[in-house]
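# Reading the structure
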Amino acid sequence: PGLHSLFVASGKLFFGTATDTNLFNDIPYMTIANNSNEFGIRVPENSQKWQPTEPTENKFVFANPDQVALTSKANRQLLRCHTLTWHSQLPEFVQTTNWTRATLTAAIQTHISNVVGHFKGQCYSWDVVNEALNENGTFRNDVFFQVLGTDFIPISFAAAAAADPAAKLYYNDFNLETSRAKADGAARIVQLLQDAKVRIDGLGFQAHLDVGRTPNQTALAATLDRFTALGLEVAYTELDIAHAKLPATATALQQQARDYVSVVGSCLAVARCVGVVVWEFTDKYSWIPSTFPGKGDACLFDANFTRKPAYSSVSSFL
Ligand code: XIL
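Structure report, in brief.

What counts, and at which threshold
- Residues take numbers from 1 onward in each chain, read along the sequence in its written order.
- With the structure being a predicted model, the display of local features is reserved for residues of pLDDT at least 70 and the display and counting of side-chain atom pairs for 80 or more, all residues being used for whole-chain, interface and lining totals.
- Helical segments are the DSSP runs of H or I of at least four residues, strand segments are the runs of E of at least two, and each set is numbered from the N terminus.
- Atoms considered for the radius of gyration are the C-alpha atoms alone. The globule rule reads 2.2 Å times the number of residues to the power 0.38.
- Any residue surrounded by 20 or more other C-beta atoms within 10 Å of its C-beta is treated as buried, while 12 or fewer makes it exposed and the intermediate range makes it partly exposed; C-beta atoms here are placed from the backbone.
- By definition, residue pairs are in contact when their C-beta atoms, positioned from the backbone, come within 7 Å.

Turning our eyes to something else, we now look at the overall build of the protein chain. A tally of helices and strands in the protein chain yields 13 helices and 9 strands. For 318 residues, the compact-globule estimate of 2.2 N^0.38 gives 20 Å, and the protein chain sits close to it at 19 Å. The buried share among the 318 residues of the protein chain stands at 46%. Taking contacts inside the protein chain between residues at least 6 apart in sequence as the whole, the part at least 24 apart equals 78%.

Given below as structure tokens:
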């Protein structure tokens, strides 16, 4: 039946994947990515970020993310939109301009109103602010924080809310699953927005995890529940579970399967967990090996599109 169909039958909104136009000519890949029983939502892995959408100030480029949006629509899949205010994959001008509070505020507002406005009505959700926290829960000292302090957060969410009132607005980060201090920081971000009466709808748990070091279902569910208690929905937005020793042994593949089931199971256990998105479904295109040399094989399908034990375990668990 496919993971999305099974997840929907369990009362969830979506099971989906990251994908992007650079992969759209790989036919075996696309056959799986386009299968709406398998994946009910997709997210552009790169093409909707600040650098590709506004490479030079006030000049917007949407050809690639438009394609991603079009293919989701053609396959009756939802679209998660990703991402607006993030320290990484920024265009040159954001990093080099000598900003004042007023000029950076305007630049953020211009970026967000144009990008969110362009996709208005097409996004289930937007990752409005991505990865604003250090591992110890303090704020990352990026250009936004240096110029605006924490104000860049309500500025970003307010601009997104104005540009697409129907899209769910998320704060998205990694290691919230494993670091209590960082989850505390995310809770402070939610509080800061709620105190300012600026809308935030969801907390995105990236879930870039490691085989054998993934918390169990109960611990994961408890972390999700912290945020549903604040009135938010939650989702796993970039799930992958990497092996540190390659090639993975049969034993390690079984551990990876159990870890995937813990994550998916924790979403099932929390009513306001709306779904799970994997950060690519095949080891052929995972970002892990190039970013974390020595690590890899983090996905549900291997590089030849064969379903791994993790796929079978999640499927039979659902
Ligand atoms: C990654 C992409 O997968 C890579 O292709 C790219 O080179 C760098 O970005 N957190 C995020 C994602 O929010 O946007 C990142 O995606 C992975 C970490």
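Okay, back to it.
The residue after histidine 82, namely threonine 83, is reached through a cis peptide bond having omega 0 degrees. For the peptide bond that leads from leucine 246 to proline 247, omega is -5 degrees, which places it in the cis range. Turning to its location among the elements, proline 247 is positioned in the loop between strand 8 (233-242) and helix 11 (250-269). The backbone of glutamate 280 sits at a positive phi, close to 80 degrees, despite the residue not being glycine. Mapped onto the secondary structure, glutamate 280 falls in the loop between strand 9 (273-278) and helix 12 (288-291). Assessed through the 24 C-beta atoms surrounding it within 10 Å, glutamate 280 is described here as buried.

Once that is clear, we can look at the environment of asparagine 35. Tracing the backbone through its elements, the reader meets asparagine 35 in the loop between helix 2 (27-33) and strand 2 (41-44). Once the C-alpha coordinates of asparagine 35 and arginine 76 are considered, the two residues, 41 residues apart in sequence, prove to be 9.4 Å apart.

Take the environment of valine 8 next. In this fold, valine 8 is placed in helix 1 (residues 3-9). Owing to 18 C-beta atoms within 10 Å, valine 8 belongs among the partly exposed residues under this scheme. Taking C-alpha positions, valine 8 is 20 Å from glutamine 122, a pair spaced 114 residues apart along the chain.

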